[in-house]
Amino acid sequence: MECREVQERLSAWLDQETAEPEAAALAAHLESCPVCRREAEAWRRLDQVLADLEAPTPSGLAPQVLSRLPRRRSRWQRSLSLAASLVLGITLGGALAGNFFAPLNGEGNGGEVLAFEAFQDFPQGSLGHLLTYPADEDSQA
Ligand SMILES: [Zn+2]
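It should be emphasised that the depicted structure is a prediction, and the values quoted were computed from it without experimental measurement.

Digging into the coordination of the zinc ion
Every protein donor of the zinc ion is listed here as C3 (SG), H29 (NE2), C33 (SG) and C36 (SG), and their distances to the metal cover 2.0 to 2.3 Å. If you look at the zinc ion, its 4 donor atoms make angles of 103 to 115° with each other, and the shape they trace is tetrahedral. Taken in sequence order, the residues that donate to the zinc ion follow the motif C-x25-H-x3-C-x2-C. Each of the two residues, H29 as well as C33, counts as buried.

Regarding the packing of helix α1 (residues 3–14) against helix α3 (residues 34–53)
α3 packs onto α1 with a crossing angle of 30° between their chain directions and a minimal axis gap of 10 Å. The angle between α1 and α3 places the two elements in the roughly parallel class. Relative to α3, the crossing made by α1 is right-handed. Touching C3, V6, Q7, L10, S11, W13 and L14 of α1 are V35, C36, E39, A40, W43 and R44, all from α3. Of the residues in the contact of α1 with α3, the class split is 9 nonpolar, 2 polar and 2 charged.

Analysis parameters
- Residues numbered from 1 in each chain as written.
- Predicted model: local features only at pLDDT ≥ 70, side-chain atom pairs only at ≥ 80, totals over all residues.
- Heavy atoms only, no water.
- Donors = N, O, S within 2.8 Å, 3.2 Å for Na, K, Ca; no water.
- Tetrahedral: all angles 85-135°; square planar, octahedral: opposite > 155°, others 65-115°.
- Buried < 20%, exposed > 50% of the residue type's maximum accessible area, 1.4 Å probe, protein only.
- Axes fitted to C-alpha atoms, helices over the stretch in contact; angles between N-to-C directions.
- Helix = DSSP H or I, 4+ residues; strand = E, 2+ residues; numbered from the N terminus.
- Parallel < 35°, antiparallel > 145°, perpendicular 65-115°, else oblique.
- Left-handed = near helix turned anticlockwise from the far one by under 90°.
- Contact = heavy atoms within 4.5 Å.
- Nonpolar A, V, L, I, M, F, W, Y, C, P; charged D, E, K, R; others polar.

What follows is the structure in structure tokens.
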């Protein structure tokens, strides 16, 4: 039997799927051929690696994992953190709004004044300008 034939049949032979007399011929070739013996050894190692990958999950693993997971927070703890978030959001929002409007107005907290002025500043001829300054349009006409 030639090396090429032996190596093509090695996987099946190692899985004991080779019938006689072919199996005996393969074994005899491996006795005498170091190249094919090395090939057979590589197949055996590959089988071993694959067998290790398929190792079953150790019993008792699931309860161990579950026991290490943090317990769910109770309802009142969740309500408390929600309330804290709301207070923080309102406080921060108010502070940020004050900082945003104060420098633009030049004095104190007058956001509504800024808003009013902003809406007065319509481009000439726009609907907003017509509604805000009807007298200007009359004088230009
Ligand atoms: Zn050989």
